Amino acid sequence: MEWIYISIGLFMVLLGLVGCFLPVIPGPTLAYAGLLIQLFRPNVDFSTFWLVSIGVLVLIVTVLDYWFPIYGTKIFGGTKGGSWGSTIGLIVGLFFGPIGIIVGPFLGAYVGEIMNKQPSEKALKSAFGSFLGFLAGTLTKLVTVLVVLVYFVYKLF
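Residues numbered from 1 in each chain as written. Predicted model: local features only at pLDDT ≥ 70, side-chain atom pairs only at ≥ 80, totals over all residues. Heavy atoms only, no water.

A. Here's a closer look at the nonpolar core. Residues Val13, Tyr32, Leu35, Leu51, Ile54, Val148 and Tyr151 are the most contacted members of the largest nonpolar core, which totals 15 residues. Among the elements of the structure, helix 1 (2–19), helix 2 (27–37), helix 3 (48–75) and helix 6 (120–156) are those that each provide at least two residues to this core. (Core = buried A, V, L, I, M, F, W, Y, C linked by side-chain atoms within 4.5 Å. Buried < 20%, exposed > 50% of the residue type's maximum accessible area, 1.4 Å probe, protein only. Helix = DSSP H or I, 4+ residues; strand = E, 2+ residues; numbered from the N terminus.)

Right under this line is the structure:
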């Protein structure tokens, strides 16, 4: 039975890694759930301090993931149209693989700003801010899931 918990937990943590790049999968939350499943194993020695700390980190990163693109867009002079365009661009970009995931939010923010009647230069600047926000969110999710993965593997052996 212990191997079932380990297998399910590892699958969820690895799926959490995928979720760092796909917005439809809550990467850090899924990875953390995979870690928590290990509590059902007999003789598991997880530190309450680390479990709570990682849980708080996952919560903060989940909130920041939504906030970063909006903040990046606003810092660079964007509007809600750019923020929405960035999100839609990301979803459309999923169908074009890794390049689409990177380029989609940028193009989406640009198109959103143009549709919001912004000048081309301002739209480009806003798109760049949205893109930086998307990268910041992805990076924070990736680091968080890697922390979960390292802790998972460390406690496994």
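B. Representation of a nonpolar patch on the surface. On the surface, Trp84, Ile88, Ile91, Val92, Phe95 and Phe96 cluster together into a nonpolar patch covering about 750 Å² of accessible area. On the basis of relative accessible area, Val92 is assigned to the partly exposed category, the value being 43%. (Patch = residues over 30% accessible without salt bridge, like charges linked within 9 Å, V, L, I, M, F, W, Y side chains within 5 Å. Areas by Shrake-Rupley, 256 points an atom, 1.4 Å probe, with all protein chains shown as cover. Salt bridge = Lys/Arg side-chain N within 4 Å of Asp/Glu carboxyl O.)

C. Quick look at the packing of aromatic side chains. Under the defined criterion, the tally for this structure stands at eight aromatic pairs. When the centroid spacing of 5.9 Å and the interplanar angle of 25° are considered together, the rings of Tyr5 and Phe40 count as stacked. Linking Tyr5 in helix 1 with Phe40 in the loop between helix 2 and helix 3, this pair joins segments that are 35 residues apart in sequence. What makes Phe40 exposed here is its relative accessible area of 59%. For the ring pair Trp67 and Tyr71, a centre distance of 4.5 Å and an interplane angle of 20° mean the geometry is stacked. Here Trp67 and its partner Tyr71 are both found in helix 3, four residues apart, which amounts to about one turn of the helix. Among the aromatic residues, ring-to-ring pairing joins Phe46, Phe49, Trp50 and Tyr151 into one connected group. (Phe/Tyr/Trp six-rings, centres within 6.5 Å; stacked < 30°, edge-to-face > 60°.)

D. Summary view of the packing of helix 2 against helix 6. Contact geometry of helix 2 with helix 6 gives a least axis separation of 9 Å together with a crossing angle of 10°. Put simply, helix 2 runs roughly parallel to helix 6. Each of Gly27, Pro28, Ala31, Tyr32, Gly34 and Leu35 in helix 2 lies in contact with helix 6, whose residues at this interface are Lys141, Thr144, Val145, Val148, Tyr151 and Phe152. Residue composition of the contact of helix 2 with helix 6, grouped by class: eight nonpolar, three polar and one charged. (Axes fitted to C-alpha atoms, helices over the stretch in contact; angles between N-to-C directions. Parallel < 35°, antiparallel > 145°, perpendicular 65-115°, else oblique. Contact = heavy atoms within 4.5 Å. Nonpolar A, V, L, I, M, F, W, Y, C, P; charged D, E, K, R; others polar.)

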